[in-house]
Amino acid sequence: AAAFWLIDIFCKPEDSTTRQRWQLFLLGALGMYGYMFFYLLGISMTTPVSSSIFVSLEPIWVFVITVLFYKEKVTWMKLLGIGLGLGGAILCIATQPDDLASNAMAGNLICLVSSIVYAIYLVVSNRLLKGVGDMTLLKYTFLGAAVMSLIVNSIYGFEAPIMSMSLFSTPMLVLLFVLIFPTTISYLLLPIGLKYLKTTLVANY
């Protein structure tokens, strides 16, 4: 959130209404933060393979949401693709050993919720981008996620060892690297993709 607000100082001002900013704030608090929270909670219980399979299902949920709520055209090829994708995911999850998982069933269900929440985030943000600029979307969605993280961390997670470590400790430096490069740079590019491509294709990437 801090990175996007800092970058925005050097960008051209974008118009938005108070209502749009609140919508983006809530989208960040519930969609962005919800996706990350559920995913991290799920991956701590299940195997890395299972969690990555659920991430790969996001295009399917995006398609289902756009069909149900935005009347996207359904074709037999799309239905066949969804069937194959779900069948492959179920086969992979059902046949892998659970010796690396502390609670595979609960972890898988939480990862499933995470992938659906992110699909909703992609669909809604795609709609909101038609009325606001890229930086406005990033600033307010990440601000909403940051505020939600502070609320949740005051209840759950504040006892984590990293919270008492130095800023220059290895875990903290790794975390800062992830926040600046994979997160900030990839999310700077995401709205551009949503503007020019179908949401299902962005979810595929």
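Structure: above.
On a predicted model such as this, the values are computed, not experimentally measured, just so you know.

So, how was this worked out
Residues numbered from 1 in each chain as written. Predicted model: local features only at pLDDT ≥ 70, side-chain atom pairs only at ≥ 80, totals over all residues. Heavy atoms only, no water. Helix = DSSP H or I, 4+ residues; strand = E, 2+ residues; numbered from the N terminus. Expected span 1.5 Å × (residues − 1). Buried < 20%, exposed > 50% of the residue type's maximum accessible area, 1.4 Å probe, protein only. Contact = heavy atoms within 4.5 Å. Bend = angle between axes of the 7 residues up to and from the residue. Axes fitted to C-alpha atoms, helices over the stretch in contact; angles between N-to-C directions. Parallel < 35°, antiparallel > 145°, perpendicular 65-115°, else oblique. Left-handed = near helix turned anticlockwise from the far one by under 90°. Nonpolar A, V, L, I, M, F, W, Y, C, P; charged D, E, K, R; others polar. Salt bridge = Lys/Arg side-chain N within 4 Å of Asp/Glu carboxyl O.

1. Examining helix α4 (residues 58–70)
Item 1. Between its terminal C-alpha atoms α4 stretches 17 Å, which fits the 18 Å expected from 13 residues at 1.5 Å a residue.
Item 2. Of all the residues in α4, the buried ones are Glu58, Pro59, Ile60, Trp61, Val62, Phe63, Ile65 and Thr66.
Item 3. Buried positions along α4 lie against α2 (18–43), α3 (48–56), α5 (76–95), α6 (104–128) and α9 (199–204).

2. Points about helix α8 (residues 170–196)
Item 1. Counted at 1.5 Å a residue, the expected span for α8 with its 27 residues is 39 Å, and the 39 Å between its end C-alpha atoms agrees.
Item 2. A maximum bend of about 25° is found in α8 at Thr183.
Item 3. Residues Met172, Thr183, Thr184, Tyr187, Leu190, Pro191, Gly193 and Leu194 constitute the buried set of α8.
Item 4. Tucked into the core, α8 has its buried residues touching α1 (2–8), α2, α6, α7 (134–153) and α9.

3. Here's the deal with the packing of α4 against α5
Item 1. Between α4 and α5, whose axes approach to 10 Å, the crossing angle comes to 140°. Considering their axes alone, α4 and α5 lie oblique with respect to each other. Pair α4 / α5 crosses with left-handed handedness. Residues Ile60, Trp61 and Phe63 of α4 pack against Lys78, Ile82, Gly85 and Leu86 of α5.
Item 2. Looking at side-chain class alone, the contact of α4 with α5 contains five nonpolar, one polar and one charged residues.

4. Re the pattern of salt bridges
Item 1. Inspection of every chain in the model, using the stated rule, returns two salt bridges.
Item 2. Across the pair Lys139 and Asp8 runs a salt bridge whose closest N-O atoms are separated by 2.9 Å. Here Asp8 lies in helix α1 and Lys139 lies in helix α7, a separation of 131 residues in the sequence. Here the two residues Lys139 and Asp8 agree in accessibility, since each one is buried.
Item 3. With its nearest N and O atoms 3.2 Å apart, the salt bridge here joins Lys195 to Asp134. One end of the pair, Lys195, is in helix α8; the other, Asp134, is in helix α7, and 61 residues separate them in sequence.
Item 4. According to the relative accessible area criterion, Asp134 is buried, its value standing at 18%.

Function cannot be inferred from these measures alone, as they are strictly geometric.
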